Amino acid sequence: MEEMKGIILEYVVEEYLDEDDDDEVGFDSPLISSGIVDSFSMVSLKVFLEKKFKIKLPDDEATPEAFDTVDSICVLVNKHLGK
Amino acid sequence: MSNIGSYDERLEGFDWNIARDVLDLRDDELLNIGHMASDRICKRGMGGKTALIWEGFGDAKKQYTFDELRVLSNGFAKKLQDAGVKPGDRVCVFMDKIPALYISFLGILKMGGVAQPLFSAFGDDSLEVRLKSAGTKAVLTTQKHVKKVRKIRQNLPELEHVIVVEGKPEKLKDGEVFFDVEKESPVQEFECFVSDEDTPSVLHYTSGTTGQPKGAQHAHGSVLGQALTASWVLDLQDEDIYWCTADPGWVTGTSYGIIGPWVLGVTQCVLDQGFTSARWYKFIQDNAITVWYSAPTAIRSLMRDGTKLVKQYDMAALRHLCSVGEPLNAEAVVWSEEAFGKPFLDTFWQTETGSMMITNYPGMKVKPGSMGKPFPGITAAVLDLKTNEPLTEPGQVGLIAFRPGWPSMFREYRNQHDVYASKFVGAAADAKPEDLRNDQDLWYVSGDRASIDQDGYYWFVGRDDDVINTGGHLVGPFEIESALIEHEAIAEAAVVGKPDEVNMEVVKAFVTLNEGFVFDDMLELGVMNFIRKSLSPLAMPQEIEVMEKLPKTRSGKILRRYLKALEWGEDVGDLSTLEDD
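Residues numbered from 1 in each chain as written. Chains lettered and ligands numbered in written order. Predicted model: local features only at pLDDT ≥ 70, side-chain atom pairs only at ≥ 80, totals over all residues.

**Re the overall build of chain A**
Then comes step 1: When helices and strands are counted, chain A shows three helices and zero strands.
Then comes step 2: Taking 83 residues into account, the globule formula puts the C-alpha radius of gyration at 12 Å, and chain A, at 12 Å, falls close to it.
Then comes step 3: Looking at chain A residue by residue over its 83 residues, the buried ones come to 28%.
Then comes step 4: Of the contacts formed within chain A by residues at least 6 apart in sequence, a portion of 55% connects residues at least 24 apart. (Helix = DSSP H or I, 4+ residues; strand = E, 2+ residues; numbered from the N terminus. Rg over C-alpha atoms; globule rule 2.2 N^0.38 Å. Buried ≥ 20, exposed ≤ 12 C-beta atoms within 10 Å, placed from the backbone. Contact = placed C-beta atoms within 7 Å.)

Okay, here's the thing in structure tokens:
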């Protein structure tokens, strides 16, 4: 679980934040509701999760709420990994 | 009682001067939007009234009265003037929906500048194209977004001033100036630029099928159309608390997210936070919002979370709902009645029209799924696709067109007169813009298709070109295709809209690869992120399909319409010009 959190957080920081951004992003930091990841960009995050973890996330489960923190994303991914 | 009263009665003997009556505007008063939205409201005794209620991330909240709006916008106006910005110069506002965006917008107009708001999610390529086209003299931005300006500044010789209005001053680089208007000495008095109805005011960029985005130039006279439609369609009244969810980087966010409500002296709310249904409902509840102007994409997202969630919040204050950006489907209208006890009323207009053109009205029967009827004073028609003559039989599909001359009509496409002239059926290519927009024998063609039913209601059919409407925002395929081939793996690209349940359309790209590249999951993701960062999240392809070769005409032109027809399951039409099968 911790490894998965680390992978997702690293991707978010690399893809959605600039090098000199002051934002401190942690596992429980809001991503969608803070505007770090907007609703359109959620698609690329979803694709990343599907490719990386070899799962399929149904559209009706890939909601802004489910994607709002690294923690909540891990819950969703684990569900589809059958954990 | 609604402001419009009876739609049918308003049609009789309509004269746009009624907008002056609604504003109580004398002929000798200054027609400057910045002045009218702040100074004038104070002069009318409403300086102490709340103008803006703003909420941001992390429970941040701010409120401003009209008098504070007046003084702070004076501050921006003076700052720009002192810096050497002259009337007519383009000043870009590039920031999130923070208070400084709204206040500086008025300040630019007060000193005679042309406000050029740009969507803060634009990447550096999108930003560069628009700043270069506009010959922008100054950019107002924030520490968060100035990085994108830095990347392209060396390509923008006309850009003289980069003013950072929020963040840490110590983070600035050479050539950038920090200016937090709220920490500066208040500027109590500022002599506004004496503008008239044809003085340039706002420059909004909009996408077309071919070429780069076009700058639709508006003028201060637009305020008459914006005020009257805000009064009659949005039904804004003195005691209302109004929320327009649009970003001022797009025309709705300025026409009805700044100008319309404030020149009428109405309190408006802004939520600068990412979308979640619960957050939106809480915002409406906490601020007792009475009038709400939103977009079908947002409404459909709310629908996905169901009515159960809505019922957890107190929505009792809401009295009037409107929608804009793309056609509002009948299901969404029916759902809003179930969820909020009232329907969303669809409104149709576009960047170029500056104000609402075909809409539904308070008190007029709503036909779910219909665009409504033309605003009083607007002569509309659907034109035959071949002859360009108005269709007279109900149900026939044609091009939505308007007789030119309404107050909010755009004055020009910046530096693209030929494209402007091409929007008027039957116009001479060398006709002057002022002649085109006043010639009642011409039709201005919107680029959308519709039909009219036996009761005079308009029904949207679709775009007449390849422009993609995603989440209510127009995205030009050419701009994305140009960016795609900048990626090292992409040889050729064609971009079309793909049907989407929530956003109406999303971007789909068909590509061929350069030698040596293998398309796999990570390359697909890499290309998506490449476009997201260089253009914007809206332009990012949601799906990428690799082809051996793209379908082309014998003359080598990529057949976008063929790909689009395949995506939409439509007849692919005449393929006789296809390069090969």
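Structure's up, so let's keep going.
**Describing the overall build of chain B**
Then comes step 1: Looking only at helices and strands, chain B has 19 helices and 27 strands in total.
Then comes step 2: Its C-alpha atoms give chain B a radius of gyration of 23 Å, near enough to 25 Å, the size a compact globule of 581 residues would have.
Then comes step 3: The principal-axis extents of the C-alpha atoms in chain B amount to approximately 70 × 60 × 60 Å.
Then comes step 4: For chain B, buried positions account for 53% of its 581 residues.

**Overview of the interface of chain A and chain B**
Then comes step 1: The interface of chain A with chain B comprises 17 residues on the first partner and 19 residues on the second.
Then comes step 2: Of the residues forming the side of chain A that touches chain B, the biggest block, five residues, is contributed by helix H2 (residues 42-53) of chain A.
Then comes step 3: Here the side of chain A that touches chain B is composed, by residue class, of six nonpolar, six polar and five charged. (Nonpolar A, V, L, I, M, F, W, Y, C, P; charged D, E, K, R; others polar.)

**Some words on helix H3 (residues 70-81) of chain A**
Residues and elements named next belong to chain A.
Then comes step 1: The end-to-end C-alpha separation of H3 is 16 Å, in line with the 16 Å expected for 12 residues at 1.5 Å each.
Then comes step 2: Residues of H3 that are buried in the fold lie against helix H1 (2-16) and H2.
Then comes step 3: One or two residues past the end of H3 sits Gly82, with phi positive at roughly 75°. (Expected span 1.5 Å × (residues − 1).)

**Comments concerning the domain arrangement of chain B**
All names here are of chain B.
Then comes step 1: Its domain assignment divides chain B into domain 1 (7-446) and domain 2 (468-568).
Then comes step 2: For domain 1 and domain 2, the distance between their C-alpha centroids amounts to 29 Å.
Then comes step 3: Taken residue by residue, the interface counts 23 residues in domain 1 and 19 residues in domain 2.
Then comes step 4: For the side of domain 1 that touches domain 2, the elements supplying multiple residues, two or more each, are helix H7 (124-134) and helix H12 (296-304).
Then comes step 5: Per element, the largest residue contribution to the side of domain 1 that touches domain 2 is four residues, and it comes from H12. (Domains from an automatic or database assignment.)

**Things to note about the sheet that holds strand E11 (residues 267-272) of chain B**
Residues and elements named next belong to chain B.
Then comes step 1: Here we have nine strands laid out as an open sheet, ordered E2-E1-E11-E10-E12-E13-E14-E15-E16, and mixed in their pairing. With one partner strand each, in any of the chains shown, strand E2 (61-65) and strand E16 (373-374) form the two edges of the open sheet.
Then comes step 2: Where strand E1 (residues 50-56) meets E11, five bridges bridge the pair, whose relative direction is parallel. Bridge pairing in E11 places Gly56 opposite Asp272.
Then comes step 3: Along the sheet, helix H5 (residues 66-83) contacts E1 and E2; its crossing angle with E2, the most-contacted strand, is approximately 90°. (Pairing = 2+ DSSP bridges. Axes fitted to C-alpha atoms, helices over the stretch in contact; angles between N-to-C directions.)

**Regarding the packing of helix H4 (residues 39-46) of chain B against H5(B)**
All names here are of chain B.
Then comes step 1: Interaxial distance between H4 and H5 falls to 9 Å at its minimum, and their mutual angle equals 145°. Seen along the crossing, H4 lies across H5 with a hand that is left-handed. Residues Asp39, Ile41, Cys42 and Met46 of H4 form the contact with H5, whose participating residues are Phe66, Asp67 and Arg70.
Then comes step 2: Each residue belonging to the contact of H4 with H5 can be placed in one class, and the counts come to four nonpolar, no polar and three charged. (Left-handed = near helix turned anticlockwise from the far one by under 90°.)

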